[in-house]
Amino acid sequence: MNAPLAHRTPDARLEGIIKLAILAVGGQGGGVLTNWIEDLARANGYAAQATSVAGVAQRTGATVYYIEMAPAEGGTPIFSLMPAGGDVDVMIAAEMMEAGRSIIRGFVTPDRTTLIASTHRSLAVSEKMVPGNGIASSDEVMAAAEIAARRFIAANFDQVAVKQGSVISASLFGALAASGALPFPRSAFEDAIRASGKGVEASLRAFAAGFDAALNGLAEPKSAPAPAAPPKVSGPARLVAEWERLMARVAALPTPVAELARPGLEKVVDFQDLAYGAEYLDRLDAVLAQDKAGNGWALGREAAKYIANAMAYDDIIRVADRKTRATRFARIHGEMGVKDGKLLQLTEYFHPRAEEITSLFPAAMGARWQANPGRMAWLDKRFGKGRRLRTDSLRAYAMLYVLGGLKGWRRKTLRHRQEQEHLARWLETAMAYRATNYDLAVEVIRARRLVKGYSDTHARGLSKFDRVLGGIALVATRADAADWARRLREAALQDEKGVALDGAIATIRSFA
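Let us look at the structure shown here. Please read these numbers as outputs of a predicted model, since none were measured by experiment. Per chain, residue numbering runs from 1 following the sequence as it is written. Where totals are concerned, whole chains, interfaces and linings use all residues; where local detail is concerned, this predicted model gives features only for residues with pLDDT of at least 70, and gives and counts side-chain atom pairs only at 80 or more. Side-chain numbers here rest on the full set of heavy atoms in the structure, without hydrogens or water.

### Quick look at helix α14 (residues 326-336)
Summary of the burial criterion: residues with accessible area below 20% of their type's maximum are buried, those above 50% are exposed, and those between are partly exposed, where the area comes from a 1.4 Å probe applied to protein chains only. Every helix listed is a DSSP run of H or I at least four residues long, and every strand listed is a run of E at least two residues long, numbered separately from the N terminus. Of all the positions in α14, only R328, F329 and I332 are classed as buried. Along the axis of α14, the buried residues cluster in a sector spanning 95°; they form a single face. Counted as exposed and oriented over 90 degrees from the buried face of α14: A326, T327 and G334. Contacts are residue-level and defined by heavy atoms, with any inter-residue pair within 4.5 Å sufficient. Contact partners of the buried residues in α14: α13 (316-323), β7 (347-350) and α18 (394-404). A positive backbone phi angle near 70° is found at G337, which sits one or two residues after α14. By construction, the arc corresponds to the directions joining the helix axis to the C-beta atoms.

This is the structure we're talking about:
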């Protein structure tokens, strides 16, 4: 966070054309902010012009809004239609990476530009596509902005606005007023909001909060949040007693392992039932029997996390269950700001492959269908086009609700048998390496991170996982096998298609 900004009194000596650019993505009110600035200028005796060029899509590119203004005396000025590098007085970025893009495009220069940016993140498509952590570094953008801009004003203006029941356009308008970059008093900015006639009170609250945040910064939390307490359970006495027995088993584990075993147990029981939770602890106990404190329980700790992830796989039943939970609808209503008495229409997108359909069949039947190309083609023809289900309607909601309630059927399905067999082979491979190379066994456990998601995402992850284990087998006898296993996992997380992983495996084959 930047240091608090000392308020500048608007400079009445500003002459000539003042040039402002705004980078904002869909839903951030960039058009509203542009209109406010344009109305502000005209109401105070300035001629003004605003233009915009839309981005490609919601998050593949931001809309560029551009405003030029000049004193109206002495004739009508000729304004430009788009910003030019090195020729922008005020740059407003409604998201941290948009600030970085404005710097790259040359809109921000140290001799003239005031850069106002929100520090929150709205992840770009390119960041979400990376299988691992593809999030760009905000710290690097902050450091570049301090150098590139004449003045840099930064705060989480999105959070500021949301707390006031408004959107980021209002808090950024407040930051612009606080910067003193325009020759107008605060009251003129507030009058522009009032003149719009829409959401005035909430916008004025967010404006004031943005003004204060730009001047003084945001207060840091006084202390870190307390760790989450164990979940309080209720229900039939028999089930509560069984849950408490499982939690007692977790409490008896080594502390580093128990820290991850508790959320792991919660996840597995939520996925299926208490008996499945007991199976999770049995598998974890089998790993711990071959681990020891001298290694910091690294193998058991990683196993606690990734065994739970492997057991709580994403099948159709789980997807349907999560899409019909009351907590999900409450979260969506809160994020969309739905007030009492308002209706929200919610469309779910499904694109099940033939493999997902047959995965719900009884194990033997499903295996026969998957081995028959003609039957799989028949299923693809009927289900491959995808479905759009309105879960605010009774019919679609009821269908998903019933499907999500098939936990009792799950253990009989082909998908469950496949997952259990894959889980057993994975653990067997890891524990086989443990005898000769403890660190390599830990890396094999961590490789399970590659398997996640649903449908095509799961298939790609599973393919990468198998290729990584194949690569590990080529270097298993080397002293640096664990390091190579880590490199293979990290390569697999770099891109969706596995190009980096192919390169890493090719390197191994060159000396194996």
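### Quick notes on helix α2 (residues 96-104)
With respect to burial, α2 is a largely interior element, seven of its nine residues being buried. Lining the buried residues of α2 we find β1 (18-24), β4 (90-93), β5 (114-118), α4 (138-148) and β6 (151-155). Polar contact criterion, stated in full: a pair of N or O atoms within 3.5 Å, where within protein one must be able to donate a hydrogen and the other to accept it, and residues adjacent in sequence count only if both atoms are side-chain atoms. For α2, the capping residue at the N-terminal end is E95, with a side-chain oxygen 2.8 Å from the backbone nitrogen of M97. One or two positions beyond α2, positive phi appears at G106, with a value near 85°.

### Points about the nonpolar core
Inside soluble globular proteins, nonpolar side chains tend to come together where they are buried. Definition of nonpolar core: a set of buried residues of the types Ala, Val, Leu, Ile, Met, Phe, Trp, Tyr and Cys, connected through side-chain atoms within 4.5 Å. Core analysis: the biggest nonpolar cluster contains 64 residues, and L265, Y280, L284, W426 and I472 have the highest contact counts within it. Excluding residues within four positions of it along the chain, I472 makes contact with Y433, L440, V444, A485 and L488. Counting 47 residues, the second largest nonpolar core, distinct from the first, contains I37, L176, A188 and F189.

### Considerations on the side chain of R318
Inspection of the secondary structure assignment puts R318 in helix α13. The exposure class assigned to R318 is buried, which follows from its relative accessible area of 10%. Filtering out sequence-adjacent residues up to four positions away, R318 remains in contact with K267, F271, A312, Y313 and R410.

### Focus: a positive patch on the surface
Only residues above 30% relative accessible area that lack a salt bridge enter a patch, with like-charged residues linked at up to 9 Å and the nonpolar side chains Val, Leu, Ile, Met, Phe, Trp and Tyr linked at up to 5 Å. Here the open area of atoms and residues is found with the Shrake-Rupley method and a 1.4 Å probe, where only the protein chains shown may cover a residue. Should a side-chain nitrogen of Lys or Arg be within 4 Å of a carboxyl oxygen of Asp or Glu, the pair is scored as a salt bridge. Charge convention: Lys and Arg are scored as positive, Asp and Glu as negative, and His as well as the terminal groups of each chain are ignored. By convention, the point assigned to a charge is CZ for Arg, NZ for Lys, CD for Glu and CG for Asp. A cluster of basic residues, K381, R382, K385 and R387, forms a positive patch on the protein surface. Relative to the helices and strands, R382 resides in helix α17 (residues 373-383). When its relative accessible area of 38% is taken as the criterion, R382 is described as partly exposed.

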